[in-house]
Amino acid sequence: MSQFSAEAEAELQSLLRQLLKSIKDRISGAPSIECAEEILLHLEETDKNFHNYEFVKYLRQYVESSLGAVIEEETESCARGEGYAVGSVQDTLVHAVTRKTRESGEYKQMMQTLKNTMMVVVESLINKFEEDQLRKEEMHRESQHQQSNSHYTDNCSDSDSSFNQSYAFIKQEQLQVLAEKLDPSRPKEVRWEALQALCCAPPSDVLSCESWSGLLAPMSVLRFFAKTFSCSPLNVTREIYTSLAKSLESDFLYHKLSLPTGSAGIDVNRQDITRLLKQMRLMNDFQKEVTTFWIRHPEKYMEEIIESTFSLLSINPEHGLETQGSEKALKPMHLIALLDIKATWFKKWMHGYYSRTVVFRLLERKYKSLVSTAQRTLYTTKELEYMYFVHSLCVLGRLLMYTNGRKLFPVTVWKRKDPVSLTDLVVILISIMYQHPKPPHSDSSHAGVVHVLLRTLGDRTECAVECLYQTPVIETLLAPIITLLKGKQAKLNSPETTLIHIADTLARIATTERGLSLFLYERNLVSGEGEGISAAHVIVQFTQRLLAKELPLLRNAETSYGVSGAFIFVCRQMYNTCEGLQVLRPYGLHECIAAAWKKTSSLSERVPTPVPGAIPGTSSQELQNVVVWEETLLDNLLNFAATPKGLLLLQQTGAINECVTYMFSRFTKKLQVSRCEKFGYGVMVTQVAATAPGVVALHSSGFVQALVVEIWSVLECGREDVRVVHPKSTPMDPIDRSCLKSFLSLVNLLSSSHAVWELLGQQPLPNKAEYNLREMPTSITDLIDRLIAVNSDVKIHSLFNYEQSHTFGLRLLSVMCCNLDSLLLLESQYNISDMLLQCQKDNITDPSSGEGDFIIDGLSVERNHILVRMSVIGGPSERRLPLRVLQKGTDPYPWPMFSSYPLPKYYILNLPKTTRGKQGKIYILHLPKTTRGKQGKHYILNLPKTTRGKQGKHYILNLPKTTRGKQGKNYILNLPKTTRGKQGKNYILNLLKTTRGEQGKNYILNLPKTTRELLSQQRAKLTSELYTLQGAYPGHDWFASTVFLIMAGDMERALRLLLHLSTLLTSAFLWPARLHGSVHLPMEIAQSSIHPVYSCTAHYVEMLLKTEVPLVFSAFRMSGFTPSQMCVQWLGQCFWNYLDWSEICHYVSTCVVMGPDYQVYMCVAVLKHLQQDILQHTQTQDLQVFLKEEPIQGFRVSNYLEYMEGLECSYRTMVLTDMNNISQRVSQQ
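Residues numbered from 1 in each chain as written. Predicted model: local features only at pLDDT ≥ 70, side-chain atom pairs only at ≥ 80, totals over all residues. Heavy atoms only, no water.

The protein carries the name Protein broad-minded in an unreviewed UniProt entry, which gives Oncorhynchus kisutch as its organism. Taken from UniProt, the Function (unreviewed entry) comment for the protein reads in full: "Required for high-level Shh responses in the developing neural tube. Together with CDK20, controls the structure of the primary cilium by coordinating assembly of the ciliary membrane and axoneme, allowing GLI2 to be properly activated in response to Shh signaling." (UniProt positions renumbered as here; feature names shortened; annotations may be inferred.)

Asks: Give me the overall build of the protein: which residues, what numbers.
Replies: For the protein, the helix and strand inventory stands at 59 helices and four strands. Scored against the burial criterion, the 1229 residues of the protein give a buried share of 51%. A total accessible area of about 60,000 Å² is found for the protein, and carbon and sulfur atoms account for 52% of it. (Helix = DSSP H or I, 4+ residues; strand = E, 2+ residues; numbered from the N terminus. Buried < 20%, exposed > 50% of the residue type's maximum accessible area, 1.4 Å probe, protein only. Areas by Shrake-Rupley, 256 points an atom, 1.4 Å probe, with all protein chains shown as cover.)

Asks: Can you explain the pattern of salt bridges? Please cite residues and give values.
Replies: This structure, assessed with the given rule, holds 21 salt bridges. With a closest N to O distance of 3.3 Å, Glu 303 and Arg 361 form a salt bridge. Taken together, the residues span a long stretch of sequence, with Glu 303 in helix α15 (residues 299-313) and Arg 361 in helix α18 (residues 353-365) at a distance of 58 residues. The salt bridge involving Asp 459 is made with Arg 508; its shortest N-O contact spans 2.9 Å. One end of the pair, Asp 459, is in the loop between α23 (446-458) and α24 (461-467); the other, Arg 508, is in helix α26 (residues 495-510), and 49 residues separate them in sequence. (Salt bridge = Lys/Arg side-chain N within 4 Å of Asp/Glu carboxyl O.)

Asks: Describe the side chain of Ser 1078, with residues and values.
Replies: Note that Ser 1078 resides in the loop between α50 (1067-1070) and α51 (1083-1088). A relative accessible area of 1% means that Ser 1078 is categorised as buried. A polar contact of 3.1 Å, which involves the side chain of Ser 1078, links it to the backbone nitrogen of His 1080. Leave out the neighbours within four places in its chain, and Ser 1078 touches Gln 1018, Arg 1019, Ala 1020 and Ala 1086. (Polar contact = N/O pair within 3.5 Å; in protein donor to acceptor, adjacent residues only side chain to side chain. Contact = heavy atoms within 4.5 Å.)

Asks: Any details on the packing of helix α53 (residues 1110-1119) against helix α57 (residues 1171-1179)? Residues and values, ideally.
Replies: Packed helices, taken two at a time, are described by the angle between their axes plus the distance between the axes. Two numbers describe how α53 lies on α57: the axes approach to 10 Å, and their chain directions differ by 30°. In terms of orientation, α53 lies roughly parallel with respect to α57. Of the two possible hands of crossing, α53 and α57 adopt the one that is left-handed. Along its contact with α53, which presents Leu 1111, Val 1112, Ala 1115, Phe 1116 and Met 1118, the element α57 presents Gln 1171, Ile 1174, Leu 1175 and Thr 1178. Here the contact of α53 with α57 is composed, by residue class, of seven nonpolar, two polar and no charged. (Axes fitted to C-alpha atoms, helices over the stretch in contact; angles between N-to-C directions. Parallel < 35°, antiparallel > 145°, perpendicular 65-115°, else oblique. Left-handed = near helix turned anticlockwise from the far one by under 90°. Nonpolar A, V, L, I, M, F, W, Y, C, P; charged D, E, K, R; others polar.)

Asks: Residue-level account of the nonpolar core, with values.
Replies: Counting 303 residues, the largest nonpolar core has Phe 567 and Leu 749 as its most contacted members. It is helix α20 (residues 383-400) that contributes the most residues to this core, 11 residues altogether. Dropping the residues within four chain positions of it, Leu 749 is found in contact with Ala 689, Val 695, Leu 698, Val 704, Leu 707, Ala 755, Leu 759 and Ile 780. Membership of the second largest hydrophobic core comes to 20 residues, among which are Leu 16, Leu 43, Tyr 58 and Met 110. (Core = buried A, V, L, I, M, F, W, Y, C linked by side-chain atoms within 4.5 Å.)

Asks: How would you sum up a positive patch on the surface? Please name residues and give values.
Replies: A surface patch of positive charge is lined by Arg 17, Lys 21, Lys 24 and Lys 128. Structurally, the position occupied by Lys 128 is in helix α7 (residues 105-147). For Lys 128, a relative accessible area of 38% corresponds to the partly exposed category. (Patch = residues over 30% accessible without salt bridge, like charges linked within 9 Å, V, L, I, M, F, W, Y side chains within 5 Å. Lys, Arg positive; Asp, Glu negative; His and termini not counted. Charge placed at Lys NZ, Arg CZ, Asp CG, Glu CD.)

Asks: Report on the packing of aromatic side chains, specifying residues and quantitative values.
Replies: In this structure the tally under the stated criterion is 24 aromatic pairs. Seen in terms of ring centroids, Phe 898 and Tyr 901 are 6.4 Å apart; in terms of plane orientation they differ by 45°. Their pairing is tilted. Judged by centre distance (5.4 Å) and plane angle (85°), the ring pair of Tyr 906 and Tyr 907 falls under edge-to-face. Every member of this aromatic cluster is reached through a ring pair, and the members are Trp 294, Phe 310, Trp 345, Phe 346 and Trp 349. (Phe/Tyr/Trp six-rings, centres within 6.5 Å; stacked < 30°, edge-to-face > 60°.)

Asks: Please give an account of the packing of helix α33 (residues 644-653) against helix α52 (residues 1092-1108) that cites residues and values.
Replies: At a minimum axis distance of 7 Å, the contact between α33 and α52 shows a crossing angle of 140°. With respect to each other, α33 and α52 are oriented oblique. Listed contacts from α52 to Pro 644, Lys 645, Leu 647 and Leu 648 of α33 are Tyr 1094, Ser 1095, Cys 1096, Ala 1098, His 1099 and Glu 1102. Here the residues of the contact of α33 with α52 sort into six nonpolar, two polar and two charged.

Asks: Can you break down a negative patch on the surface residue by residue, with the values?
Replies: On the surface, a cluster of negative charge is made up of Glu 72, Glu 73, Glu 76 and Glu 106. No other element matches the three residues that helix α5 (residues 54-80) contributes to the negative patch. Positionally, Glu 73 belongs in helix α5. Using a relative accessible area of 54% as the deciding quantity, one classes Glu 73 as exposed.

Asks: Could you give an account of the state of the cysteines, with specific residues and numbers?
Replies: Tallying each qualifying case throughout the model produces zero disulfides. Among the cysteines around Cys 463, which has no disulfide bond, Cys 467 carries the closest sulfur, lying 5.9 Å off. Cys 463 gets classed as buried once you look at its relative accessible area, which sits at 2%. (Disulfide = S-S within 2.5 Å.)

Asks: I'd love a proper account of helix α42 (residues 802-817), names of residues and values included.
Replies: It helps to recall that an α-helix has 3.6 residues per turn; residues three or four apart then point in one direction. With 16 residues, α42 extends 22 Å from end C-alpha to end C-alpha; this agrees with the ideal 22 Å at 1.5 Å per step. Of all the 16 residues making up α42, 14 are buried; the element is thus mostly covered by neighbouring parts of the structure. (Expected span 1.5 Å × (residues − 1).)

Asks: Quick rundown of unusual backbone geometry? Include the residues and the values.
Replies: In this chain, Phe 409 is followed by Pro 410 through a cis amide linkage whose omega measures 0°. Examined against the element boundaries, Pro 410 turns out to sit in the loop between α21 (403-406) and α22 (422-435). With an omega dihedral of 0°, the bond running from Tyr 901 to Pro 902 counts as a cis peptide bond. Within the secondary structure, Pro 902 sits in the loop between α45 (858-871) and α46 (987-995). Even without a glycine there, the phi angle at Lys 549 is positive, about 55°. Assignment of secondary structure puts Lys 549 in the loop between α28 (535-547) and α29 (557-575).

Asks: So, the confidence of the model for the protein: which residues are in play, and what are the values?
Replies: On average, the protein scores 79 in pLDDT, and the residues at 70 or more come to 75%. Per-residue pLDDT, averaged within each element of the protein, yields its smallest value for α46 (37) and its largest for helix α56 (residues 1158-1169) (97). Low pLDDT, under 50, characterises residues 147-168; the stretch is placed with 49 contacts to residues that sit more than four places away or in other chains. Counting contacts from residues 376-381, a segment whose pLDDT is below 50, to residues more than four positions away or on other chains yields 13 contacts. (pLDDT = per-residue confidence, 0-100.)

Rendered as structure tokens:
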């Protein structure tokens, strides 16, 4: 039974119809097609009568007859064991027989036959269903037609009654008679009867008859056309559509209707206008519907429809009216604009590539005049002309969206000498936006329509590059602004609205890289008085004048608020980037906005309390507008925090707390940063959390508490507002996907040691004797107490999901401990390592006796990893960290566990001994072979001679006070006399004497103590509530420790070297403790606790990264993390735990010898080295964790020295100049 006979197909069709009728109620009740498919797929599971259906029985019988012999043969073969071996316990006899059967040729033949037969059966059923439906509809129409009395209206009706007809067969002779009766010379009654008879005939018979050409001429009716469009295939409707278009074309050319002059309008009740409108409406309806099905037909059908449309729209009866004075012809475009003002038909035609290609080809070859027709610049104020303008603009906008549409330009325009280029068109449109007022009786305006088009073009990169990023376009947009800056009156009919439109267009240009570069660096865009200046300078100057209310035209409060806010937003698109802030910073825009905010804030305090039932007065409404304006200013001030240096500027305004509170209010509402921002507030929160004043503002705003509550809710509470249908699956990952976002937010918050100091400094853990199950943590210390320091049964029992929640806490602890300063604070305040060791000691097979093997589970493995990470310092080849996953084989966890110190030597790698010289002293910059470049020479030996002292001694041993870089500039940090003691001579010798004594052997502890005393002499007297400014530098001096180790533990040489280095500018950036609250910084910067390593080095790292390694920069943006946070951590601890010791030495020596700007280039080189890893971990959504926990594998300073020298050539002037200015006030930098 491999093939189905005709009788079998008929039987199968009958059985399938019966099955569908049986389950009709189930299928008809499905809300969608997908649900209906699911019901059919799972019918056997849900229908108890499934096996009783005749269709199912028939299929079972067919399968048995086709495969019965094969199944029996395979069953006997498997039972005897012939050619079959059981591969596993689960591979039973049934599975084996099933597999063999499905692999047989008979099975494949059966499935192919069944598939082909069912396709025929289903198609036949569908056709019969459609025939039945059409028959029912025709019967229904006939019954309605018989019951209703038709009244003759006119000979061009396209009303619904024209569809209520049935088909009747008609002969050729009858069609000839009907053609004669439809002649215009016949009476109306005769023509009406002929039309009724014609509408009853099938359109295909009418089109194929010999009298069709004779019928078409007199048939200026729509009833037959409408009938054909509604129920005929495309090959028929195409002929009808083209006939209708030709008929309309002849009407327009013959009648040559004109637009009335003056204020008179067009009466749509006129018989000739009504007839044209109805025909155009029928065409337009078909134009909008035909796109849904013409792709299923040959392209020539679609091409004929499009060409007939373009042929109609391209006719220009106006040439015949030239002798009639100033009258203008009524064109098809006028009427189609009246019916479809937004050109919806054209948008649909341009949506698909299939039709768009034909449109462009026809426009290019035959109908390019259509493009020029849509570019008229002189329009009357009549509504019809306005609709024509809007429709033409919509068509043009849709053309400009596509590359082939833009290739149509330049075009030749009637009555214009030169062709119109793409740039000319945009300039003309902008001029229209400036000069044409709002038309009467309309909610829209010419300016608004043009603005929508410019906005659409600006949102598409390729369109914007070709249309907007052109010098004449920018000059046209800025022309009114320059005029107003000169104190002259700009030619704007509606200044406020037009300026807002200009600002919105400029803002969209500034959001892209190309547009921003055009604003910042193209100095020939705008010719000011004297030399040319860039667009950015014009915009920021205009914004300052607006804020200062120095423009007479815009002194009205409401007008000033709207326009000022719009132009601040343009500036915001520039200053929220590093390169934009670099250009705008000299203008002090942050101070202008802050001054306006403070003034507005004082006004908003006067808003009266609303009284129920009271009618708000005018003054009350004005004050409400003031409140909105205040929020606008805060929002724009907040966006300075998008960059490190911008955050410093924001802190200097004194509005950081209010801005962060405003951000938190929007953050909790899940609101977008702005209409031009692609990401939320994640990056901004991370940037703010990198500084002490920022994290304090986050804490006071309630952000930290909200984040802690959210984390606790996800971990312990679950979602109570959702009814549980299926139990929640057990998480397989250490951090469940539901908690990942909250976990990363917490990592971003606590990434900086400043955040840890401010949130945890001198804050004890609660360690309560009892915890209420409903008690939720509200601070970071509470979270550590409940999730990390789980050292008692009370805490364990207070957790509903102990293992998951504690694992979450341990993972957080692991990331925090990667910052060595955070690790020291956690260890000094909470004895974290002792707690972890005790937990490991309790996690053995026999805890009562204290002996036995460690129990290996997820928590013990995690604790072991953290203990090793906390206890061993070293780069990628200097320490061994245990993995967090079990291995396959007999020993699933080969890494030794421990519950007391010292830790096993397994985790400390054997390092080569340091080479010593003849005199027994360690060479400070001993370079291995890996530091050789392409030419095989040590890069440190090929440095300019200026890196050696006058006496020829090694620079690192004897740094003269006038150490110079490549360009011979003096990188000296001028120090006051506070570097010498009160006794007048060498302060360093006094320090050395005080550090010697009986306990002088422990130099590694005495060195930080000594440097702290040295630096305390240079500390400014500050009054601040910040924890970081309460005393000396709160962290460990990692740079001093690095120098101490470079000097092989020789404390005198280390202190001497630190003293020499302290005279260099390099020390301000290599040595973070050097400038902590220092007198060398302006008082307001020292008071902010924002270090130059963050506001200067990290700022330029982000700037260079965006240009040099854009993929990495984008990856950071997408992850909500910032390069500045990671770089501050690397530099703050001198790359300890991230680079091998030799590379740390090379980093220090390179920055000292080559200049402090090499610190920036070093960070960029490291991030470039990690590019592939960064991109990969951005996709896995663990970029922050990867960068903090993993060492920098395979990085060698010597391999990237040439790359860093290239960065120096490009950026040294800018970077080094800013570094030299750190001792100046922010406003003077």
